[in-house]
Structures are given as structure tokens and as C-alpha cells.
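Each chain, letter by letter, is given below.
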Amino acid sequence: MRIAMLGAGAWGTALAMAAAARHDVVLWARDAAQAEAMSLGRENTRYLPGEPLPAALRITADRHEALAHGVGGLTVVATPMAALRGLLRAVPDQRGLLWLCKGFEQGSGCLGHEVAREERPDAPCGVISGPSFALEVARGQPTALVAASADAELSAAAVQAFHGDSLRVYSSDDVVGVEVGGAVKNVLAIATGIVDGMPQPGLNARAALVTRGLAEMTRLGLALGARAETFMGLSGLGDLVLTATGDLSRNRRVGLLLAQGLDLPRILAELGHVAEGVYSAATVLARARSLGVEMPITEAVVEVLEGRLTPGQAMSRLMGRPTRPEAIQPPPA
């Protein structure tokens, strides 16, 4: 299969590496200097240092060349959410397209499928998501993902493209559920990092936060039209557990540093990579409020990110909430 991977960050590079052993893959890098360095040095030194690129993987800075390569095959957008709309506009409408980005678009508050519906209303599209650190995929460590699309042929093509010895790919038609899981887990990972970085809370607090965070994620997903069972799968519980507890998680790292008292601009400067939860948190909360969905953990994260609460104050607020029966859906008013 011919695969065009649009975006040479950590995740786009890792997935291109995984597919290049079996398929004809071209990886597009927006930065010409980065593309040349990767082609000559056979390494993505910025995002995956020390991981050699397969000899068969081609890298280009020419977007038109990459788009032409994907004709008759598969085109995958592997950029942050902020760049998704622009690339959707660049790909011809008659071609199926998938994206890897997780989050809500700033300004519009749209998930990826909502952006696609505005930009390519009649074109098949979908998302690849799930618990996956790019470094482990690049190293060929066992990983499982889910490809979600309302178009069965497109999700089957994604499985054909990326399913292999160390990468297992499942299919789904619940695009909304898969996208909500991928977006909200980043915000909850910041919350878990905050808890883990504080001197007192401990593992009991982490378990409670992850569990109640899953309930928040599910409530929002159901309100947007997702199916509840999706959140018990790879793109829901699986991705949440990985991102909230794994040491390679950028969003978790943000929370840990906030708990240490560092200010957000310094944290983002030191991080050097995009932490989607920082940019998605306020939008997640706004979408939830517009739907009447209660998300107290997300609300606490937003207040900490915006400097209105300290991590300790946020924890006290969550622990001081009124008691009620445990449920995913809130009790009637």
C-alpha cells in the first residue's frame, strides 16, 4: 500500500516507521531542514533521537509530492490538532483520510470529525487512536490501536496499513467515542500528574482520580453521541491509564511540574513538545458546560492552568464535594 504520512513529529514518524517494513511510505516534514537532516542522518533527532529510520522510508518537505504519493492508497495527518483543518483543505475531497491528532480545536471547540464534516462533508474520514507512546512504537514494542471510521472500507484500509507483528489494530465505527477518549485523557493526565507530584495524596488518590476521570470522559462522550462501551476500550480506559501513569506522558509531566510550583510558560518551554491537554482543557470544559455535563476534575485542571487555584486548593475542592451515589451519569436534579 502507498501511504502518505503528513507530519514528522514523534507519532507520525513512529507510525511511518512501523508501516515502512511492509508498505511504500512517504513521510512529509513541514520544515525543509528537518526533512533533509532526517534523509541524510536516517534519524529524527528532534523527536525520536537514537531511533534509526528504516531504509525504505522516504522523507520529503514537498507536500504536493507526499499528497501525490497517497493517491490510491492512504493519507494520514499526523500533526497537532491546530494544523488539522489546514491539511484537510489540502487533500482532495475524493480521497479517504485519517488523522492521529487528539484534542479539541481551539476557537471552534470542534473534535477532528467535526472539523472534517465542515471541510470535507462528503469525503470518507476517520481517526487512529489508542494507548501509544511514540518511542515504544518506533522501537517495535507491542502496542494496540483502534482505527475508527463510519466508512468500513477506510477503517479496513487502516488495519491493513498498520497491523503487524508488534502493532495490533482494531476497527470501530464509533468515531465520536474514540475522539472524545483521545481528547479528554490528556486533560485527566495533567490532573493525575498534579496528584502524583504532591507530597501527600498517594496511590489511592491516583486510582480514585483515574476512575472518576473515566466517568467524566464517558459522560461527555454520551452527550456527544458516543457509545458507552467505547470508553472501556483502547481509546478510553486504555489511553487514559497509559497517559495518566506513564513516565513518557507529556501531559502527566505538565501536572508533575505544576505540583512542584513551576509556572506554566516555563513548563511548556522546558517540555519542548506539544502537550495537547494544556490547549484542550478549557475547550473540553466549555463543550461540557454547553451540554450540561458535569466535569469537576476537568474544571479543577482548567483553574490550575489559568492560575486561579493552586494544586493544593484544587485537591481540597475535589475532596470537599458533596457525597452522592457512584454513577457515570449524574443523578436527576
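Residues numbered from 1 in each chain as written. Predicted model: local features only at pLDDT ≥ 70, side-chain atom pairs only at ≥ 80, totals over all residues. Heavy atoms only, no water.

Remarks on helix α9 (residues 203-224)
Taking 1.5 Å of rise per residue, the 22 residues of α9 would be expected to cover 32 Å, and the 32 Å separating its terminal C-alpha atoms lies within 8% of that figure. Glycine 225 sits one or two positions beyond α9 and adopts a positive phi of about 105 degrees. (Helix = DSSP H or I, 4+ residues; strand = E, 2+ residues; numbered from the N terminus. Expected span 1.5 Å × (residues − 1).)

Structural notes on the side chain of asparagine 44
Inspection of the secondary structure assignment puts asparagine 44 in the loop between α2 (32-41) and β3 (58-60). Classification of asparagine 44 by relative accessible area gives buried; the value is 1%. In this structure the side chain of asparagine 44 is engaged in a polar contact, spanning 3.2 Å, whose partner is the backbone nitrogen of tyrosine 47. (Buried < 20%, exposed > 50% of the residue type's maximum accessible area, 1.4 Å probe, protein only. Polar contact = N/O pair within 3.5 Å; in protein donor to acceptor, adjacent residues only side chain to side chain.)

Some details on the nonpolar core
Side chains of nonpolar character tend, in soluble globular proteins, to be buried together. Ranked by size, the top nonpolar core spans 48 residues in total, and within it Val180, Val184, Ile190, Met217, Leu220, Val254 and Leu258 carry the most contacts. Those elements giving two or more residues to this core turn out to be α8 (175-197), α9, α10 (234-245), α11 (250-259), α12 (264-271), α13 (276-290), α14 (296-305) and α15 (311-319). Top element by residues in this core is α8. It accounts for 10 residues. Among all residues touching isoleucine 190, those that are not within four sequence positions of it are Asn251, Val254, Gly255, Leu258, Gly277, Val278, Val301 and Leu305. Core analysis: the next-biggest nonpolar cluster, separate from the first, contains 38 residues, Ala20, Leu27, Met38 and Ala147 among them. (Core = buried A, V, L, I, M, F, W, Y, C linked by side-chain atoms within 4.5 Å. Contact = heavy atoms within 4.5 Å.)

Some details on the side chain of glutamate 276
Here glutamate 276 shows up in helix α13. We note that glutamate 276 is buried and unpaired, the nearest opposite charge coming from arginine 250 at a distance of 7.2 Å. Residue contacts for glutamate 276: discarding those within four places in its chain leaves Pro80, Met81, Lys102, Asn186 and Asn251. (Lys, Arg positive; Asp, Glu negative; His and termini not counted. Salt bridge = Lys/Arg side-chain N within 4 Å of Asp/Glu carboxyl O.)

Quick look at the UniProt feature "active site" (unreviewed entry) in the protein
This chain's UniProt record puts "active site" (unreviewed entry) on Lys185. Tracing the backbone shows lysine 185 in helix α8. Not counting the four nearest positions on each side in its chain, lysine 185 is found in contact with Lys102, Met217, Asp239, Leu240 and Thr243. (UniProt positions renumbered as here; feature names shortened; annotations may be inferred.)

Here's the deal with the UniProt feature "domain: Glycerol-3-phosphate dehydrogenase NAD-dependent N-terminal" (unreviewed entry) in the protein
Within this structure's numbering, the places UniProt gives as "domain: Glycerol-3-phosphate dehydrogenase NAD-dependent N-terminal" (unreviewed entry) are residues 3-153. The annotated region residues 3-153 carries 33% helix and 21% strand content, and the separation between its end C-alpha atoms amounts to 15 Å.

A short note on the environment of alanine 161
One can find alanine 161 in helix α7 (residues 152-162). The exposure class of alanine 161 is buried, given its relative accessible area of 0%. Sequence separation of alanine 161 and threonine 230 is 69 residues, and the distance between their C-alpha atoms is 23 Å. Among all residues touching alanine 161, those that are not within four sequence positions of it are Met1, Ile3, Ala19, Arg22, His23 and Leu74.

Considerations on the sheet that holds strand β7 (residues 143-149)
Reading across the sheet, the eight strands line up as β3-β2-β1-β4-β5-β6-β7-β8 and stay open at both edges, with mixed pairing between neighbours. Two strands in the sheet have a free side with no partner beyond their single neighbour: β3 and β8 (167-172). For this sheet, the mean inter-axis angle between neighbouring strands, taken without regard to orientation, is 25 degrees. When strand β1 (residues 2-6) meets strand β4 (residues 74-77), the two strands line up parallel, connected through four bridges. Bridge pairing in β4 links methionine 5 to valine 76. (Pairing = 2+ DSSP bridges. Axes fitted to C-alpha atoms, helices over the stretch in contact; angles between N-to-C directions.)

Remarks on the packing of α8 against α13
Taken N-terminus to C-terminus, the directions of α8 and α13 make an angle of 105 degrees; their axes are 8 Å apart at the nearest point. Our classification of the angle between α8 and α13 gives roughly perpendicular. Mapping the contact onto sequence places Val184, Asn186, Val187 and Ile190 in α8 and Glu276, Gly277, Val278, Ser280, Ala281 and Val284 in α13. Counted by class, the contact of α8 with α13 contains six nonpolar, three polar and one charged residues. (Parallel < 35°, antiparallel > 145°, perpendicular 65-115°, else oblique. Nonpolar A, V, L, I, M, F, W, Y, C, P; charged D, E, K, R; others polar.)

Things to note about the layout of surface pockets
A volume near 1,200 Å³ is recorded for the largest pocket. Lining the largest pocket are 44 residues, with Gly9, Ala10, Trp11, Arg250 and Val274 positioned closest to its centre. Looking at side-chain class alone, the lining of the largest pocket contains 23 nonpolar, 13 polar and eight charged residues. The residues that make up the lining of the largest pocket include at least three from each of domain 1 (2-173) and domain 2 (183-320). The space that makes up the second largest pocket amounts to roughly 680 Å³. If you go around the second largest pocket, you meet 27 residues; those closest to its centre are Arg212, Ile297, Leu318, Met319 and Arg321. Take the lining of the second largest pocket: its biggest share by element is seven residues, from α9. Residue composition of the lining of the second largest pocket, by class: 20 nonpolar, one polar and six charged. (1 Å grid on protein atoms, 1.4 Å probe; cavity = no way out; pocket = protein on both sides within 12 Å on 5 of 7 lines; lining within 4 Å. Points joined across faces, edges and corners; volume = space filled by probe spheres on them. Domains from an automatic or database assignment.)

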